[in-house]
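Residue-level structure breakdown
Here are the chains, one letter per residue:
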Amino acid sequence: MEIPKIIGAGLVVIGAGIGIGKIGGSAMDAIARQPEATGKIQTAMLIAAALIEGIGFAALFAVN
Amino acid sequence: MVFSKKPLQIIIAALVAFLPLVSIANPTGDSTHVAAEVTHKAASNSHEAHGAAENLTEEQKADLERKAYIKHHLMDSHDFTLFTYGGEEHPTHVGFPLPVILWDGGLHVFLSSKFEHGEAVAESKGNYYKINHHDGLIYKTDAQGNFTEDEKGHVTNAKPLDFSITKNVFMILVVGLLLFLLFAGLGKSYKKNGSIAKGAGRFFEPIILYIRDDIAIPNIGEKHYKKYMSFLLTIFFFIWFLNMFGLTPLGVNITGNLAITASLAVITYLITTFTAKKDYWGHIFWMPGVPVPMKFILAPIELLGTIIKPFSLMIRLYANMVAGHIVLMSLIALMYTFNSPIGSPLSFFLAFVLSLLEILVALLQAYIFTMLAALYFGAAVEEHHHDEHHHEAAHH
């Protein structure tokens, strides 16, 4: 029962990592295109990243 | 004399970043706890696997000790130990005891110095109490302080209700007092100086304005934001200060305690629920603009969502702070794992860089918590003007 749990949590964390990476990358693109909107983009980026991060932590919790 | 500001800032940042190293690198804050923990772990490990505790190699023992030390750092404690010297044989703890308040068929109040850092049995009105090394909790024991355990290693002794002023509670009180004095003083200074920020106000004013103009107003709206401002500012500075205290040599881990983040999340949930307008509940129980069968499916999901939101607030803050502390301490423990001339500078450098990152995380987590709380409040007071002729999507 222990090993599937750990693998599942690992998969979730990989997914969350890819998700946050994509958000960061897209935010970089957006800032490069419109530097004057940096503040707004950063805020939106942080919120989206925080929401995804929550899922990653929830998975780690399930294993614990 | 010309002082450029840049190097000064770097030096201050460097000093702050070194602080956790001091707390963590100083030889085991509670070496006795850790030693007991190690033997306990070793005993339970050998119980399951092989041989007696004495069969462990030096390497495995040191490994267990490091793990126990990290675990011990993350826990709350009944006395405030600043540092310990004198080695494992005759440890001298420098710190101060905190009051222990127990409810066990009557009120028991005594100082935690009675426990002698977890080694002695404390007697109060005919009852005997002892701190368990394994989980740091107080249990009722016999006069010798023996614990009974089931086969899984859980203590089966009776547990009194513990309302003690522990290290975490003490630090929360300190931070509360600090916030009160700081901001009450700043508030007065504005009256005296004719609404111009002076001293510390120059540092805090932009932060407060940022919370108002970039967090509260865009998320909650011009009309309602004022009544939430006090909560948002309090929670921001409270979490930020607690996070920063977690990086000081005091060695506290307050926001990395699930009970504390849970209470912050519950307060947020209660405020959201009790200030919510009609539209908020309308969107939960009878989602407008979707076919009727869908409304029945969406209602339980939306209702569950109201609980998941504060739950994720709780987990996010807790897990971020705990993860930060564990990684930082593990990096410092590398010094002992390598046990070579290369190990120390490497682990020192890594821990230093991570400490700088942790300062950012301390601020970022306070910001995220405040931001999301504002977002939830905004959803609670948002007023929709539903017009059946228009398409719903146009409103969002």
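Small disclaimer: the values here were computed from a predicted structure and weren't measured.

Glancing now at helix α7 (residues 258-275) of chain B. Residue and element names in this part refer to chain B. For α7, which comprises 18 residues, the first-to-last C-alpha distance of 26 Å matches the rise-based estimate of 26 Å (1.5 Å per residue) to within 8%. Residues of α7 that are buried: I260, T261, L264, A265, T268 and T272. Taken end-on, α7 shows its buried residues confined to a sector of 135°, consistent with a single buried face. Seen from the buried face of α7, the exposed residues on the opposite side, beyond 90 degrees, are A259, S263, L270 and F274.

Below, the discussion takes up the packing of helix α5 (residues 201-220) of chain B against helix α10 (residues 343-381) of chain B. Residues and elements named next belong to chain B. Contact geometry of α5 with α10 gives a least axis separation of 7 Å together with a crossing angle of 30°. By crossing handedness, the relation of α5 to α10 is classed as right-handed. Taken together, the residues of α10 that come into contact with α5 (itself represented by I211, I215, A216, N219 and I220) are T370, M371, A374, L375, F377, G378 and V381. Looking at side-chain class alone, the contact of α5 with α10 contains nine nonpolar, three polar and no charged residues.

So, on to the nonpolar core. Grouped together as the largest cluster of nonpolar side chains are 46 residues, with contacts concentrated most on A216, L232, F236, I239, F369, L372 and A374 of chain B. Looking at this core, the elements with two or more residues in it are α2 (38-63) of chain A together with α4 (167-192), α5, α6 (225-245), α7, α9 (292-338) and α10 of chain B.

With that out of the way, let us pick up α5 of chain B. All names here are of chain B. Those residues of α5 not exposed but buried are I211, I215, A216, N219 and I220. Its buried side turned inward, α5 meets α6 and α10. With its phi angle positive at about 105°, G221 sits one or two positions after the end of α5.

This paragraph deals with the UniProt feature "domain: V-ATPase proteolipid subunit C-like" (unreviewed entry) in chain A. Those residues carrying the UniProt feature "domain: V-ATPase proteolipid subunit C-like" (unreviewed entry) are residues 7-60 of chain A in this numbering. From the first C-alpha to the last, residues 7-60 of chain A spans 11 Å; its make-up is 93% helix and 0% strand.

All right, on to the pairing of strand β6 (residues 127-131) of chain B then. Residues and elements named next belong to chain B. For strand β5 (residues 122-124) and β6, the ladder comprises three bridges, and the chain directions are antiparallel. When the bridges of β6 are listed, A122 appears paired with Y129. As consecutive antiparallel partners, β5 and β6 are separated by two residues, and within that stretch K125 has a phi angle of approximately 50°, a positive value. As paired strands, β6 and strand β7 (residues 138-141) are joined by four bridges and run antiparallel to one another. Looking across to β7, one finds that I131 is bridged to I138. Connecting β6 to the next strand, β7, in antiparallel fashion are six residues, including G136 with a positive phi near 70°.

Criteria and thresholds
Residues numbered from 1 in each chain as written. Chains lettered and ligands numbered in written order. Predicted model: local features only at pLDDT ≥ 70, side-chain atom pairs only at ≥ 80, totals over all residues. Helix = DSSP H or I, 4+ residues; strand = E, 2+ residues; numbered from the N terminus. Expected span 1.5 Å × (residues − 1). Buried ≥ 20, exposed ≤ 12 C-beta atoms within 10 Å, placed from the backbone. Arc of directions from axis to C-beta. Axes fitted to C-alpha atoms, helices over the stretch in contact; angles between N-to-C directions. Left-handed = near helix turned anticlockwise from the far one by under 90°. Contact = placed C-beta atoms within 7 Å. Nonpolar A, V, L, I, M, F, W, Y, C, P; charged D, E, K, R; others polar. Core = buried A, V, L, I, M, F, W, Y, C linked by C-beta atoms within 7 Å. UniProt positions renumbered as here; feature names shortened; annotations may be inferred. Pairing = 2+ DSSP bridges.

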